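# Structural characterization, general
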Amino acid sequence: MATSGRPQLPPPQAGLTSANRRVTIREVAYLAQVSLGTVSNVLNNPGVVAEPTRRRVLDAIEETGFVRSTAAHQLRVGKSRTVGVVLLDISNPFFAEMVRGAEGVLRDKGYVLMVCSTDESVERERRYLRVLEEHRVDGLLITPVEHDLCEIARLAARGVPTVLLDRDSGERELCSATVDDVRGGELAAGHLFELGHDNIAFVNGPSSIRQCADRHEGAVRAQRRARRRRPTTLREIMVNALSVEQGEKAVGALLSLTPRPSAVMCANDLIALGILKRLTEAGVAVPQDMAVVGYDDVSFASMLSPPLTSVRQPKYELGAIAAELLLEEALGANHKHRSVRFEPELVVRASSGPSVRPGASRR
Ligand code: RIB
């Protein structure tokens, strides 16, 4: 029955009410008494539609509760207003904070994020790259698992704007946002040597993870400098993932080293958390018996007992600048790829202190 002079919507499909079915663009056109093309113009190019007609269509959209189908929209305009974010481990607060920085920039421009965690798996990374390309994402932020960036470079060459997060681009034509991890490793180990520790351990991830390789290079630099003044040792204990569990497992090897180190630096704060937990259970006093230094300075670092000395990475800023670089590339003309590098900062707390063991040199 017609009401208030306006036609009723076409009867809904049998068994479906408007509450549990997607209202179609055809129903909006029917209600507004315009063509499908006019409704499409109101949605995609409103400037070409006369005001009274545009108002009628918008009223029909509001009355029916019509929501644009992103899939249909993607197909029509080839744009998704979505950015793929591929990270090593989304459960690591470091990456979560970095995503918040990127999201803060992209949300204001109307983009949503599709966040994927590779858990340091090359196969999973490749699968996510395929899925995100199929979804026609507008851009990609990625912390790569692989040293070799050729898959990512190929994706970028196929027209997907791509920025490396927490990884430099090397000779590849890609934008990147990174922190100087060599300097970060040097700060962590240098701090311990300067406190008088002569024999330190480094619980590190596999050198296939670029961040771990760079931190180790920095620690070796610090040891070479310390060795000019006195004999020092730096021994690396490898773990296969940068997690709390792997930190706990590493304590057995750490306490079995002879002579036992008086200090340990960790590839990240999750490893440091696992080590602190297990050292406490083993009755090893921190820092008196074993000084501990982490890396990232995530939110919980200052809340641990004792509060953790760590190398602070500007996590939020890293994500935000990577998103800015992506928007420059996706929206700007004549974009020139560039790399932004931040400096790490040592944050000293109670978990590292002078070596109080006999035989350790004092400064
Ligand atoms: O995921 C490995 C580590 O690399 C993180 O903890 C963070 O330090 C990143 O740089």
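These figures come from a predicted structure and were not determined experimentally. (Residues numbered from 1 in each chain as written. Predicted model: local features only at pLDDT ≥ 70, side-chain atom pairs only at ≥ 80, totals over all residues. Heavy atoms only, no water.)

Per the secondary structure count, the protein includes 12 helices and 12 strands. Counting every position in the protein, which comprises 363 residues, the buried fraction comes to 50%. Within the protein, residue pairs in contact and separated by at least 24 positions form 69% of the contacts whose partners lie at least 6 positions apart. Surface exposure of the protein reaches about 17,100 Å², of which carbon and sulfur atoms provide 52%. (Helix = DSSP H or I, 4+ residues; strand = E, 2+ residues; numbered from the N terminus. Buried < 20%, exposed > 50% of the residue type's maximum accessible area, 1.4 Å probe, protein only. Contact = heavy atoms within 4.5 Å. Areas by Shrake-Rupley, 256 points an atom, 1.4 Å probe, with all protein chains shown as cover.)

It is worth spelling out the pairing of strand 2 (residues 112-117) at this point. As judged from the six bridges shared by strand 1 (residues 82-87) and strand 2, these two strands associate in the parallel manner. Bridged to leucine 87 within strand 2 is serine 117. (Pairing = 2+ DSSP bridges.)

Right, let's talk about the pairing of strand 3 (residues 139-142) for a bit. Side chains Gly139 and Leu141 of strand 3 all project onto a buried face; the interleaved residues Leu140 and Ile142 project onto the opposite face, where all are buried too. Bridge count for strand 1 against strand 3 is four bridges, and the pairing is parallel. In the strand pairing of strand 3, valine 83 is matched with glycine 139. Alignment of strand 3 against strand 4 (residues 162-165), held across three bridges, turns out to be parallel.

Turning our attention to the confidence of the model for the protein. Caution is warranted with low-pLDDT regions, since their predicted coordinates should not be read in detail. In this model, the protein carries an average pLDDT of 89, and 88% of its residues clear a pLDDT of 70 or more. Long-range and interchain partners of residues 12-17, a stretch whose pLDDT sits below 50, account for three contacts in this model, where long-range means more than four residues apart. (pLDDT = per-residue confidence, 0-100.)

Turning next to the sheet that holds strand 11 (residues 339-342). Reading across the sheet, the six strands line up as 2-1-3-4-5-11 and stay open at both edges, with parallel pairing between neighbours. Because the sheet does not close on itself, it has two edges, and the strands there are strand 2 and strand 11. On average, adjacent strands in this sheet sit at an angle of 15° to one another, irrespective of strand direction. The sheet strands contacting helix 5 (residues 93-107) are strand 1, strand 2, strand 3 and strand 4, and the helix crosses strand 1 at an angle near 165°. (Axes fitted to C-alpha atoms, helices over the stretch in contact; angles between N-to-C directions.)

By size, the foremost hydrophobic cluster in this structure holds 74 residues, and its most contacted members are Leu141, Val264, Ile275, Leu279 and Val292. Summarising the domain contributions, this core has at least three residues from each of domain 2 (80-180 + 315-343) and domain 3 (181-312). Those residues in contact with leucine 279 that lie beyond four places of it in its chain are Val251, Leu254, Leu255, Val284, Val286, Met290 and Val292. (Core = buried A, V, L, I, M, F, W, Y, C linked by side-chain atoms within 4.5 Å. Domains from an automatic or database assignment.)

Here the focus is the packing of aromatic side chains. Here the distance between the centres and the angle between the planes together describe a pair of aromatic rings. Across all of its chains, the model carries one aromatic pair by this definition. Relative to phenylalanine 95, the ring of phenylalanine 94 has its centre 4.9 Å away and its plane inclined at 90°; by these criteria the two rings are edge-to-face. The same class applies to phenylalanine 94 and to phenylalanine 95, which are both buried. The ring centre of tyrosine 128 lies 5.9 Å from the NZ or CZ of arginine 127, which sits over that ring. (Phe/Tyr/Trp six-rings, centres within 6.5 Å; stacked < 30°, edge-to-face > 60°. Lys NZ or Arg CZ within 6 Å of the ring centre and 35° of its normal.)

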